[in-house]
Amino acid sequence: SGWFSEHTQNSRFLVSTFIDDLNGAKILDIGCGCGAFFGYLINNDIEVEYHGLDISKEMIELAQAQYPNNNFIHADFLDPTWNKNDEKFDYVFASGPFNLKLEHQDIYIKENIQKMFNLCKKGISLNLLSAHAPKKMMYPNTFFYYDPVIILQYCLTLTRYVTLSQHYLPND
């Protein structure tokens with residue numbers, strides 16, 4: 001369902017690809033689900049060495065069925081055993097996997113951003129639900145809404161090269 005619709009999902013993917021010309025890049029897609037970001041890249045003639053990772057075995061099976069000749073990994077991103085060779089990627093993407101409400105959300109998001117940053121050679125791109133979303137669009141019992149200023153401040157501790165975009169969808 002693409003976090004409510006194909007349109008909103010593609011809007012997120014489009015903004016994610018603004019990071020650079022991705023042609024020829026080696027990318028990691030965290031929380032890849034059924035491989036929709038890879039499908040978006042194919043449909044937009046962006047040729048990459050794609051690696052998708054998801055904690056859900058069912059999602060990985062769907063991704064492998066849809067795109068059988070690609071590298072989909074069933075694993076928890078924060079579990080170091082999935083990347084035993086400490087493989088690096090040009091870009092690390094995460095479209096939506098950090099939006100489900102969990103305990104210790106502030107620690108969880110920082111651990112994930114730090115690991116994304118450690119695994120990339122050139123950059124990371126993630127999208128999060130914004131605490132500035134219109135209240136009518138919020139589902140606070142299910143999703144977590146991040147304060148963009150706090151996320152921006154944390155990212156600036158990792159690098160000075162940060163872009164924050166919150167113009168493309170009312171809840172991101």
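Everything below is about the structure shown above.
Rules used throughout
- Residues numbered from 1 in each chain as written.
- Predicted model: local features only at pLDDT ≥ 70, side-chain atom pairs only at ≥ 80, totals over all residues.
- Heavy atoms only, no water.
- Helix = DSSP H or I, 4+ residues; strand = E, 2+ residues; numbered from the N terminus.
- Rg over C-alpha atoms; globule rule 2.2 N^0.38 Å.
- Contact = heavy atoms within 4.5 Å.
- Areas by Shrake-Rupley, 256 points an atom, 1.4 Å probe, with all protein chains shown as cover.
- Lys, Arg positive; Asp, Glu negative; His and termini not counted.
- Charge placed at Lys NZ, Arg CZ, Asp CG, Glu CD.
- Buried < 20%, exposed > 50% of the residue type's maximum accessible area, 1.4 Å probe, protein only.
- Phe/Tyr/Trp six-rings, centres within 6.5 Å; stacked < 30°, edge-to-face > 60°.
- Lys NZ or Arg CZ within 6 Å of the ring centre and 35° of its normal.
- Core = buried A, V, L, I, M, F, W, Y, C linked by side-chain atoms within 4.5 Å.
- Pairing = 2+ DSSP bridges.
- Axes fitted to C-alpha atoms, helices over the stretch in contact; angles between N-to-C directions.

J.: Summarise the overall build of the chain; cite the residues concerned and give the values.
T.: From N to C terminus, the chain includes 5 helices and 5 strands. Counting from the amino terminus, helix and strand elements in the chain follow one another as α-β-α-β-α-β-β-α-β-α. At 15 Å, the chain has a C-alpha radius of gyration in line with the 16 Å of a compact globule built from 172 residues. Its C-alpha atoms give the chain principal-axis dimensions of roughly 40 × 35 × 30 Å. For the chain, the share of sequence-separated contacts (at least 6 apart) that also reach a separation of at least 24 residues comes to 62%. Total accessible area computed for the chain in this model is approximately 9800 Å², and 52% of it derives from carbon and sulfur atoms. Within the chain, one finds 13 positive and 20 negative side-chain charges whose respective centroids are separated by 6 Å.

J.: Before we move on, can you summarise the side chain of Ser125 with the specific residues and values?
T.: Tracing the backbone shows Ser125 in strand 5 (residues 120-127). A residue is classified by how much of its surface remains accessible, and Ser125, at 12% relative accessible area, is buried. Ignoring sequence-local partners within four residues, the contact set of Ser125 consists of Ser16, Ile19, Val92, Phe93, Ala94 and Met116.

J.: Residue-level account of the packing of aromatic side chains, with values.
T.: The tally for this structure, following the rule as stated, stands at 10 aromatic pairs. Considering the side-chain rings of Phe13 and Phe37, the 5.0 Å spacing of their centres and the 50° angle between planes classify their relative orientation as tilted. Here Phe13 is found in helix 1 (residues 6-17), whereas its partner Phe37 is found in helix 2 (residues 36-43), with 24 residues between them in sequence. Note on accessibility: Phe13 and Phe37 belong to one class, buried. Considering the side-chain rings of Phe77 and Trp82, the 6.2 Å spacing of their centres and the 35° angle between planes classify their relative orientation as tilted. Neither residue differs from the other here; Phe77 and Trp82 are each classed as buried. The rings of Phe13, Phe37, Tyr40, Tyr91 and Phe93 are connected pair by pair, giving a single aromatic cluster. For Lys26, the ring lying beneath its charged end belongs to Phe89, and the centroid distance is 5.3 Å. Here the basic side chain of Lys115 rests over the ring of Phe77, its NZ or CZ set 5.1 Å away from the ring centre.

J.: With reference to specific residues and values, describe the nonpolar core.
T.: Membership of the largest hydrophobic core comes to 22 residues, with the highest contact counts inside it found for Leu28, Phe77, Trp82 and Val92. The set of elements that each furnish at least two residues to this core consists of strand 1 (26-30), strand 4 (89-95), helix 4 (105-119) and helix 5 (148-158). When residues no more than four places from it in sequence are discounted, the contact partners of Leu28 are His51, Leu53, Phe77, Trp82, Phe89, Tyr91, Val92, Phe93 and Leu119. The next biggest cluster of nonpolar side chains, apart from the first, holds 18 residues, and it includes Tyr40, Ala63, Phe72 and Tyr91.

J.: Break down the sheet that holds strand 1 for me, citing the residues and quoting the values.
T.: With parallel pairing, the 5 strands of this open sheet are ordered in space as 3-2-1-4-5. Looking at strand neighbours, the two that pair on one side only are strand 3 (71-74) and strand 5, the edges of this open sheet. The sheet shows a mean angle of 15° between the axes of neighbouring strands, direction not considered. Relative to strand 2 (residues 49-54), strand 1 is paired through 5 bridges, and the arrangement is parallel. The residue of strand 2 that forms the bridge with Asp29 is Gly52. Together, strand 2 and strand 3 form the strand contacts of helix 3 (residues 57-66), whose direction differs from that of strand 3 by roughly 165°.

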